[in-house]
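# Structural features, examined
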Amino acid sequence: MAEDILIHGVTKEEKYQSLIPQITALIEGEADNIANMANICAALKFGLDFFWVGFYLVKGEQLVLGPFQGPVACTRINLGKGVCGTSWKNNQIIIVDDVDQFPGHIACSSLSKSEIVLPLYNIKKEIIGVLDVDSEKYATFDTVDEKYLMQILQLLKL
Ligand code: SME
């Protein structure tokens, strides 16, 4: 039975450190990747109070919206477009302190002010999607988020 996420700690790093064992427990023994992605989104959204957390999955020449938590979002993103499509094309983590300063940023919500996007890899190290996390505040994301979000993505067996 799924339990509530209980966050301990004051700093962002301490909160991530309290969250990861709970995410590990949530997805251990669950083989379905969509279910696990859905629970990762819920744990991050409610555990760390992010504005929007979601996966976009590679389908042909586009990223297609997958499991997410937050306001409704655009469903398809072309390679190289927006922060997500650029992360996919360049195979890189992108941290955006002010989305209005990112050329071609796709604004699914005008409330989103900063963003981090990480590539999602399968066991063969092929990019099969991205994780997109948005904040209503400027400059929310840094190397701490990069470190722990990468750890969380590595819990998925893709
Ligand atoms: N901002 C993203 C699009 C996804 S919505 O934020 C959920 C981008 O520029 O790729």
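Scroll up to find the structure.
As the structure is a prediction and not an experimental result, all values here were calculated from the model.

Moving on: the pairing of strand 6 (residues 127–135). Here is the key point about a regular strand: its side chains alternate between the two faces of the sheet. Among the 9 residues of strand 6, 8 are classified as buried, and the element is accordingly described as predominantly covered. Alignment of strand 1 (residues 52–59) against strand 6, held across 6 bridges, turns out to be antiparallel. When the bridges of strand 6 are listed, G54 appears paired with D132. Summarising the sheet, strand 5 (residues 114–121) and strand 6 pair through 8 bridges and their orientation is antiparallel. Bridged to E115 within strand 6 is D134. Two successive antiparallel strands, strand 5 and strand 6, enclose a turn made up of 5 residues, where K125 displays a positive phi of approximately 65 degrees.

Let's shift gears to the site of the ligand. Residues in close proximity to the ligand total 13 residues, the closest being C84, I106, C108, E115 and D134. A distance of 2.8 Å separates an oxygen atom of the ligand from a polar backbone atom of C84. Here the ligand loses 99% of its free accessible area of 310 Å² to cover by the protein chains. Assessed atom by atom at 2 Å from the grid points, the ligand resides in the largest cavity. Those elements giving two or more residues to the shell around the ligand turn out to be strand 1, helix 3 (82–90) and strand 6. Of the residues forming the shell around the ligand, the biggest block, 3 residues, is contributed by helix 3. Residues that form the shell around the ligand fall into these classes: 8 nonpolar, 2 polar and 3 charged.

Sheet analysis places strand 1 next to strand 2 (residues 62–69), joined by 6 bridges and oriented antiparallel. Looking at the pairing, V58 lines up with L63 of strand 2. Where strand 1 hands over to strand 2, the hairpin turn is made up of 2 residues, of which G60 adopts a positive phi near 65 degrees. Two strands pair when backbone bridges link them, and strand 2 and strand 3 (residues 76–78) are joined in this way by 3 bridges, in the antiparallel orientation. In the sheet register, V64 faces strand 3, and the bridge partner there is R76. Where strand 2 hands over to strand 3, the hairpin turn is made up of 6 residues, of which G70 adopts a positive phi near 140 degrees.

Here we come to the environment of L65. Relative to the elements of secondary structure, L65 occurs in strand 2. For L65 and V130, which are 65 residues apart along the polypeptide, the C-alpha to C-alpha distance reads 9.8 Å. Apart from residues no more than four positions distant in its own chain, L65 is found in contact with W52, F55, Y56, A73, C74 and T75.

Moving on, we get to the layout of surface pockets. Space inside the largest pocket adds up to approximately 340 Å³. Together, 16 residues line the largest pocket, and Y121, N122, K125, L153 and Q154 are the ones closest to its centre. Where the lining of the largest pocket is concerned, the elements lending two or more residues are strand 5 and helix 4 (143–153). Per element, the largest residue contribution to the lining of the largest pocket is 4 residues, and it comes from strand 5. The residue makeup of the lining of the largest pocket, split by class, is 10 nonpolar, 4 polar and 2 charged. By volume, the second largest pocket amounts to about 240 Å³. For the second largest pocket, the full set of lining residues is K12, K15, K45, L48, D49, F50, F51, S135, E136, K137 and T140. Going through the elements one at a time, helix 1 (12–27) and helix 2 (33–48) are the ones with two or more residues in the lining of the second largest pocket. For the lining of the second largest pocket, the class distribution of residues is 3 nonpolar, 2 polar and 6 charged.

What counts, and at which threshold
- Residues numbered from 1 in each chain as written.
- Predicted model: local features only at pLDDT ≥ 70, side-chain atom pairs only at ≥ 80, totals over all residues.
- Heavy atoms only, no water.
- Buried < 20%, exposed > 50% of the residue type's maximum accessible area, 1.4 Å probe, protein only.
- Helix = DSSP H or I, 4+ residues; strand = E, 2+ residues; numbered from the N terminus.
- Pairing = 2+ DSSP bridges.
- Near = heavy atom within 4 Å.
- Polar contact = N/O pair within 3.5 Å; in protein donor to acceptor, adjacent residues only side chain to side chain.
- Areas by Shrake-Rupley, 256 points an atom, 1.4 Å probe, with all protein chains shown as cover.
- 1 Å grid on protein atoms, 1.4 Å probe; cavity = no way out; pocket = protein on both sides within 12 Å on 5 of 7 lines; lining within 4 Å.
- Sits in = over half its atoms within 2 Å of the grid points.
- Nonpolar A, V, L, I, M, F, W, Y, C, P; charged D, E, K, R; others polar.
- Contact = heavy atoms within 4.5 Å.
- Points joined across faces, edges and corners; volume = space filled by probe spheres on them.

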